[in-house]
Each structure stands twice: as C-alpha cells, then as structure tokens.
Amino acid sequence: MESRVLSRATTIAHVRTPLRESKGNASSSFMSIKPIGGVSEGGNLIWGRQLRPSLLLEASYPVTARKEILRPVMSAASSPAEGSDSSGDEKVAPVGFFDKYPALVTGFFFFMWYFLNVIFNILNKKIYNYFPYPYFVSVIHLFVGVVYCLVSWAVGLPKRAPVDSNLLKLLIPVAVCHALGHVTSNVSFAAVAVSFTHTIKALEPFFNAAASQFILGQQIPLTLWLSLAPVVLGVSMASLTELSFNWVGFISAMISNISFTYRSLYSKKAMTDMDSTNIYAYISIIALIVCIPPAIIIEGPQLLKHGFSDGIAKVGLTKFISDLFWVGMFYHLYNQLATNTLERVAPLTHAVGNVLKRVFVIGFSIVIFGNKISTQTGIGTAIAIAGVATYSYIKAKMEEEKRKGKAA
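Residues numbered from 1 in each chain as written. Predicted model: local features only at pLDDT ≥ 70, side-chain atom pairs only at ≥ 80, totals over all residues. Heavy atoms only, no water.

- An unreviewed UniProt entry lists the protein chain under the name Sugar phosphate transporter domain-containing protein, from Salix viminalis.
- Per its UniProt entry, the protein chain bears the Subcellular location (unreviewed entry) comment "Plastid, Chloroplast membrane". (UniProt positions renumbered as here; feature names shortened; annotations may be inferred.)

**Quick notes on the overall build of the protein chain**
- A tally of helices and strands in the protein chain yields 16 helices and zero strands.
- Counting every position in the protein chain, which comprises 408 residues, the buried fraction comes to 42%.
- For the protein chain, contacts bridging at least 24 residues in sequence account for 83% of all contacts bridging at least 6.
- Surface summary for the protein chain: the accessible area is close to 22,400 Å², and the carbon and sulfur share equals 65%. (Helix = DSSP H or I, 4+ residues; strand = E, 2+ residues; numbered from the N terminus. Buried < 20%, exposed > 50% of the residue type's maximum accessible area, 1.4 Å probe, protein only. Contact = heavy atoms within 4.5 Å. Areas by Shrake-Rupley, 256 points an atom, 1.4 Å probe, with all protein chains shown as cover.)

**Describing the side chain of Thr 199**
- Locating Thr 199 in the fold gives a position in helix α9 (residues 194-201).
- Within polar-contact distance, the side chain of Thr 199 engages the backbone oxygen of Ser 195 at 2.8 Å.
- Those residues in contact with Thr 199 that lie beyond four places of it in its chain are Val 235, Ala 238, Ile 362 and Thr 381. (Polar contact = N/O pair within 3.5 Å; in protein donor to acceptor, adjacent residues only side chain to side chain.)

**Quick word on helix α8 (residues 165-191)**
- Compared with the 39 Å implied by 1.5 Å per residue over 27 residues, the 39 Å span of α8 between its first and last C-alpha is a close match.
- Considering bend angle alone, the principal kink of α8 is centred on Leu 171 and spans about 30°; proline Pro 173 follows within four residues of it. (Expected span 1.5 Å × (residues − 1). Bend = angle between axes of the 7 residues up to and from the residue.)

**Examining unusual backbone geometry**
- With an omega of 0°, the peptide bond between Leu 157 and Pro 158 qualifies as cis.
- Within the element layout of this structure, Pro 158 appears in the loop between α7 (134-154) and α8.

**Some points on a nonpolar patch on the surface**
- A contiguous nonpolar patch, built from Phe 214, Ile 215, Leu 216, Ile 258, Tyr 262 and Tyr 266 and spanning about 570 Å² of accessible area, is present on the exposed surface.
- Of the residues forming the nonpolar patch, the biggest block, three residues, is contributed by helix α12 (residues 247-269).
- With respect to the element layout, Tyr 262 can be found in helix α12. (Patch = residues over 30% accessible without salt bridge, like charges linked within 9 Å, V, L, I, M, F, W, Y side chains within 5 Å. Salt bridge = Lys/Arg side-chain N within 4 Å of Asp/Glu carboxyl O.)

**With respect to the packing of helix α11 (residues 222-240) against helix α16 (residues 375-407)**
- Across the interface, α11 lies against α16 with an axial gap of 7 Å and an inter-helix angle of 160°. As the angle between them shows, α11 and α16 are arranged roughly antiparallel. Here the hand of the crossing between α11 and α16 comes out left-handed.
- A class-by-class count of the residues in the contact of α11 with α16 yields 15 nonpolar, nine polar and one charged. (Axes fitted to C-alpha atoms, helices over the stretch in contact; angles between N-to-C directions. Parallel < 35°, antiparallel > 145°, perpendicular 65-115°, else oblique. Left-handed = near helix turned anticlockwise from the far one by under 90°. Nonpolar A, V, L, I, M, F, W, Y, C, P; charged D, E, K, R; others polar.)

**Section: the nonpolar core**
- Of all hydrophobic cores here, the largest spans 44 residues; its most connected members are Trp 113, Ile 127, Phe 131, Phe 136 and Leu 324.
- Put simply, the parts of the chain that give this core at least two residues each are α6 (102-130), α7, α8, α13 (276-315) and α14 (317-344).
- Among the elements that make up this core, the one with the highest residue count is α6 (13 residues).
- Beyond its immediate sequence surroundings of up to four residues, Phe 136 is in contact with Phe 131, Ala 295, Glu 299, Leu 303, Phe 308 and Leu 324.
- With 22 residues, the next largest nonpolar core counts Val 192, Phe 196, Ala 202 and Leu 228 among its residues. (Core = buried A, V, L, I, M, F, W, Y, C linked by side-chain atoms within 4.5 Å.)

**As for the pattern of salt bridges**
- Under the defined criterion, the tally for this structure stands at one salt bridge.
- For Lys 319, the salt bridge goes to Asp 323, with nearest N and O atoms at 3.3 Å. Of this pair, Lys 319 and Asp 323 both sit in helix α14, separated by four residues, roughly a single helical turn.
- On the accessibility criterion, Asp 323 (8% relative accessible area) is buried.

**So, the packing of α9 against α12**
- Remark: α9 packs on α12, axes separated minimally by 9 Å, with the N-to-C direction vectors making an angle of 40°. Between α9 and α12, the interaxial angle falls into the category oblique. Handedness of the crossing formed by α9 with α12: right-handed. Counting all contacts with α9, which are made through Phe 196, Thr 197, Ile 200 and Lys 201, the residues of α12 involved are Gly 249, Phe 250, Ala 253, Met 254, Ser 256, Asn 257 and Phe 260.
- Class assignment for the residues of the contact of α9 with α12 results in six nonpolar, four polar and one charged.

**What to know about the environment of Ala 238**
- As for its position among the elements, Ala 238 is in helix α11.
- Sequence separation of Ala 238 and Phe 196 is 42 residues, and the distance between their C-alpha atoms is 7.7 Å.

**Some details on the environment of Val 327**
- Relative to the elements of secondary structure, Val 327 occurs in helix α14.
- Separated by 204 residues in the primary sequence, Val 327 and Leu 123 have C-alpha atoms spaced 6.3 Å apart.
- Among residues more than four places away in sequence, those in contact with Val 327 are Phe 120, Leu 123, Asn 124, Ile 127 and His 141.

**Some details on the packing of aromatic side chains**
- Throughout the structure, instances matching the rule amount to 24 aromatic pairs.
- Plain terms: the ring middles of Phe 111 and Phe 115 are 5.9 Å apart, the flat faces sit at 15° to each other, and that makes the pair stacked. You can see Phe 111 and its partner Phe 115 sitting in helix α6, four residues apart, about one turn around the helix.
- Seen in terms of ring centroids, Phe 131 and Phe 320 are 5.0 Å apart; in terms of plane orientation they differ by 80°. Their pairing is edge-to-face. With Phe 131 in the loop between α6 and α7 and Phe 320 in helix α14, this pair connects stretches of sequence that are 189 residues apart.
- Take Phe 131: its relative accessible area is 0%, and that puts it in the buried class. (Phe/Tyr/Trp six-rings, centres within 6.5 Å; stacked < 30°, edge-to-face > 60°.)

**Regarding the confidence of the model for the protein chain**
- Here the protein chain averages 77 in pLDDT, and 74% of its residues register 70 or above.
- At the low end of the mean pLDDT range in the protein chain sits helix α4 (residues 63-78), at 41; at the high end sits α7, at 96.
- This model gives residues 1-88 a pLDDT under 50, and the stretch forms 63 contacts once residues within four places in sequence are excluded. (pLDDT = per-residue confidence, 0-100.)

Dropping the structure here:
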C-alpha cells in the first residue's frame, strides 16, 4: 500500500516539475512540500487533501491514464475480493452446503450421536461377555480418547488451548467426578443388562434436582418435582422384576448417577471461555490419570494371571485388540458428538434428544442381546423414560424463559 502511494507521488512530482520551472520560484516551492511520505509519516495523498492529486493529474494525463494510476490506491482503500473488477463492487461469496441446509446438518449430528452411542453400548457389552474387567476397559476408553485428542492437537484440529494452574484447579474436580461416574457405569454394564443400567441411569435428573435444592440452595419448582415422580416409580418397578438384577450393578449405576450430578455442579463453577473440545480433552487426560491406579490395584493381578490370556483365547489377539480400540474410539466420538450437537441446538431440543437416545439404546440392546424382560420391567422402563422426557421438557422450557427474561 505504502509503496504504491510513494510510486504515484514520485510520478506526480516528475510530471509537474517542468510546469513549475517555467514560473520561476514556484518549482522550489513545490518540491519543498513534504506530505508525500508514507501514511505513517503523515502523507495525505491517499485522501487527496494537501496535494489534490486529482487536479494535478487532470492537467497532464487523459482520463484513462488518470484512472489507471489511481486504481491501485482505490483498490486498496475499498478492499474488494481478489479478482473483482475496478468498480469496487464486492462479489457475494457462494453459500456452502452447511449454511444452505442447516437442518440436514443438525439431523446428521443427531444421527451420528445416536449411532455411535448404540454401537458403543453394544460393543462394550460384547467385550464384557468375554473379558469382564470394567476398570481396565474404562481405562482403555479414556486412553484411546486421549490419544485421539493428542493427535488432533498435533495436526492443529483443533488448536490446543493453553491451560494454567488456575484452570486446572477448576477442571480437576470435574474430571475426578467424570472418572468415577465412568468407571461405575462400566461396572454396572458388566454386571447387569445394558437396558437395566440405562433404566437406573434415568434417575440422574432426580439427583440433579436434589443437589440443586439441598446443596446449591436453588429453589426447584413443584412442577419439576412432580415430573420426577414417574421416574422414581418406573425405575422401582423395573428393578423389582429385572431378571438380570444384582446389587453390584444396581449400586454402581446409582453411584454413577451421584458422580455425574457432582460433575454437573463442579462444571458450573468451572465456567471458562475455552471451547468445549479442548475442555473435554483436558478432562479426559485428568480422568485417565485418576482411573489408572484403581485399575492396577483391583484388576491388575487377575489380568496378569489369567485375564488377558483368557480373553485372547476366546476371540483371538487381533479381535481382542481391535475391539478395545474401537470401543474406546466410539466412546470418545459419541461424547464429542453430544457436545457438538448441544452447540447447534437449543437446550430443549438437546434434552428431548438425550431422552430419545436412551430409548434407542435400551431398545437396540434388548434386540441385539435378546434380553428377556418381564412385562412389569417393560412398563416400568417406559414410565421412567416418559418421566425423564417430561422433566427435561419442563426444565429446558424454564431455562429458555429465564434467558429471554434476562435478555429483555
């Protein structure tokens, strides 16, 4: 830009010198003027004020030449898109597929979220059928996800966000609760049917409401408490007649609910401007570090003695390794897709989608594994899911109204 202005200024000076010399001292008067510096030096050529370049050019150059000389400056000032004509008219950028069909893209996000979640739950349960070591498998879930995050950072997709000690202090409680909830969920998956674990985990909204009321001191409306009554009733009905029921699976799922409730509470305190992808990556790294010691202590001796050998003998080394890799990949990707979907839709839509996801998982797990359920268990599960849907709808609606009130 500066070089263009200077080159035009030099041209003007050379053109006008002969004319000024014919008038005596006017030449020296003209050449002593200094505003022809760069823009940073105070030159005003680009604004056409002190030197009035348009007047100077009219005397010596035809119209076409004048336009040709001023074109670079005009182009720089108007900043049209590269390749545009000299008139400075901006070209409208073509609309991409994502911008043209946002509903299809959002639908694709939902589909992939459901698909990956169902595949994860099915593959996870198949692994436990021949390799019943949930602490070790939980470590593999997180380990594969952490490797995925490190590779993504290495190629700059996304760019790694810096983290300091203050942010780590906020993320550590979240990651610890995430680790505990993840491990206990897997202990439940290994002990009972997938459908039963997800039915118990439908109680998570009840624990969230209780924590908000009695720990945070937030007043929960009566309508929300009433919507949770069917959830408690449905889970109770399903538990009483569940054919795969055992206390390890039931208690582990309940601990998972409590852990994820506290994770939600700590997450509210750890609000940060960092993007969700980077936050989830750091949480996964910390959670992996938390999960490794109990896995070594609780399952380490059994794994070294006969766990690995038994699992490999049943399915072969290649399938054993590939199953662990893919279950970890599906776990990380479905969690990431859930976060990305939340960023694209309103909380109400996401809440309803989360309930439907649980219905899909329960339904597919029953079909794939051929789990026999009693009529009472089926009715109880349906009542619990309906209660969760009602609760999620009312809560999301209240949050939207609260947000609109603040905006107004």
